[in-house]
Amino acid sequence: MSRETTVAYVDKILAAYLETDSLVKDEEGDVPVRRGSALYYVRVGHREPYRVEVVSSVLSDVEESYELLKALNEINSGIYGIQAYHRKGRVIFATDLLADTLQAEELERACALISGCADKYDDELQARFGGRKTFEDEG
């Protein structure tokens, strides 16, 4: 399956999941989706085999520390299918799926998992380690 075909397939799944006729995309072609105080992106990778990534920058302006990494490791060990990590001052939650075998239910589950975890843990992590959430209100 070509990348263009993969993007069209992912867009179709996302439009149905988000109950919209038209998806908003950023300048890189990623689909941003808000849930509570969290924002996540759905994107199709650029290298074969194509992967569909669901990524949320949970907090920004967070200093790396042993305690932070320990907390992220606890999140990783407690939730199957998520990678919680710190990179360049950001706490990121991510998961990815192989596009060639992707089923709608898998992508929907990945979106729900990342958005739910980001919305759940952003307050807790911010209270313990500082930083800024993408949205301070629950909007």
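Residues numbered from 1 in each chain as written. Predicted model: local features only at pLDDT ≥ 70, side-chain atom pairs only at ≥ 80, totals over all residues. Heavy atoms only, no water.

Can you walk me through the state of the cysteines in this structure?
Every disulfide links exactly two cysteines, by a covalent bond between their sulfur atoms. This model, assessed by the stated rule, comprises 0 disulfides. No disulfide involves Cys111; its nearest neighbouring cysteine sulfur is the one of Cys117, lying 13 Å away. Residue Cys117 is classed as buried on the basis of its relative accessible area, which comes to 8%. (Disulfide = S-S within 2.5 Å. Buried < 20%, exposed > 50% of the residue type's maximum accessible area, 1.4 Å probe, protein only.)

How should the layout of surface pockets be read in this particular structure?
Sizing a probe to match a water molecule and rolling it over the atoms shows the empty space that remains. Its volume calculated, the largest pocket comes out at about 250 Å³. Along the wall of the largest pocket there are 14 residues; nearest its centre are Tyr41, Arg43, Val55, Ser57 and Ile92. Contributions of two or more residues to the lining of the largest pocket are made by strand 2 (38-44), strand 3 (51-59), strand 4 (83-87) and strand 5 (90-98). Residue composition of the lining of the largest pocket, by class: 5 nonpolar, 2 polar and 7 charged. (1 Å grid on protein atoms, 1.4 Å probe; cavity = no way out; pocket = protein on both sides within 12 Å on 5 of 7 lines; lining within 4 Å. Points joined across faces, edges and corners; volume = space filled by probe spheres on them. Helix = DSSP H or I, 4+ residues; strand = E, 2+ residues; numbered from the N terminus. Nonpolar A, V, L, I, M, F, W, Y, C, P; charged D, E, K, R; others polar.)

Where do I start with the packing of helix 1 (residues 3-18) against helix 3 (residues 104-129) in this structure?
Their axes nearest at 10 Å, the elements helix 1 and helix 3 cross at an angle of 60°. By the criterion of interaxial angle, the relationship of helix 1 to helix 3 is oblique. Handedness of the helix 1/helix 3 crossing: right-handed. Residue-level contacts link Tyr9, Val10, Ile13, Leu14 and Tyr17 of helix 1 to Ala104, Leu107, Glu108, Cys111 and Ala112 of helix 3. (Axes fitted to C-alpha atoms, helices over the stretch in contact; angles between N-to-C directions. Parallel < 35°, antiparallel > 145°, perpendicular 65-115°, else oblique. Left-handed = near helix turned anticlockwise from the far one by under 90°. Contact = heavy atoms within 4.5 Å.)

Just to check I follow, could you spell out the pattern of salt bridges for this structure?
Any two side chains of opposite charge can pair if their charged atoms end up close together. For the structure shown, the criterion picks out 6 salt bridges. Measuring nitrogen to oxygen at the nearest pair gives 3.0 Å for the salt bridge that ties Arg43 to Asp30. With a gap of 13 residues between them, Arg43 in strand 2 and Asp30 in the loop between helix 1 and strand 1 (31-35) connect regions that are remote in the sequence. (Salt bridge = Lys/Arg side-chain N within 4 Å of Asp/Glu carboxyl O.)

Whenever I open this one, the pairing of strand 4 confuses me. Can you help?
Side-chain direction in a regular strand flips from residue to residue, so the side chains alternate between the two faces of the sheet. Going residue by residue along strand 4, you find Ala84 and His86 tucked away on one face and Gln83, Tyr85 and Arg87 left uncovered on the opposite face. Two strands pair when backbone bridges link them, and strand 4 and strand 5 are joined in this way by 5 bridges, in the antiparallel orientation. Following the sheet pairing, His86 is matched in strand 5 by Val91. Here strand 4 folds back onto strand 5 in antiparallel fashion, the turn holding 2 residues, of which Lys88 has a positive phi close to 50°. (Pairing = 2+ DSSP bridges.)

Which parts of the structure should I look at to understand the side chain of Thr95?
When you line up the elements, Thr95 lands in strand 5. Looking at Thr95, the relative accessible area reads 8%, which means it is buried. A distance of 2.7 Å separates a polar atom in the side chain of Thr95 from the backbone oxygen of Gly81. In this structure Thr95 touches Val52, Glu53, Val54, Gly81, Gln83, Ala110 and Ile114, once residues within four positions along its chain are discounted. (Polar contact = N/O pair within 3.5 Å; in protein donor to acceptor, adjacent residues only side chain to side chain.)

So what exactly am I meant to see when it comes to the packing of helix 2 (residues 66-78) against helix 3 here?
For any two helices packed against each other, the geometry is given by the interaxial angle and the distance between the axes. Two numbers describe how helix 2 lies on helix 3: the axes approach to 11 Å, and their chain directions differ by 160°. Viewed along their axes, helix 2 and helix 3 adopt a mutual orientation that is roughly antiparallel. Seen from above, helix 2 lies across helix 3 with right-handed handedness. Along its contact with helix 2, which presents Glu67, Leu68, Ala71, Leu72 and Ile75, the element helix 3 presents Tyr121, Leu125, Arg128 and Phe129. Of the residues in the contact of helix 2 with helix 3, the class split is 7 nonpolar, no polar and 2 charged.

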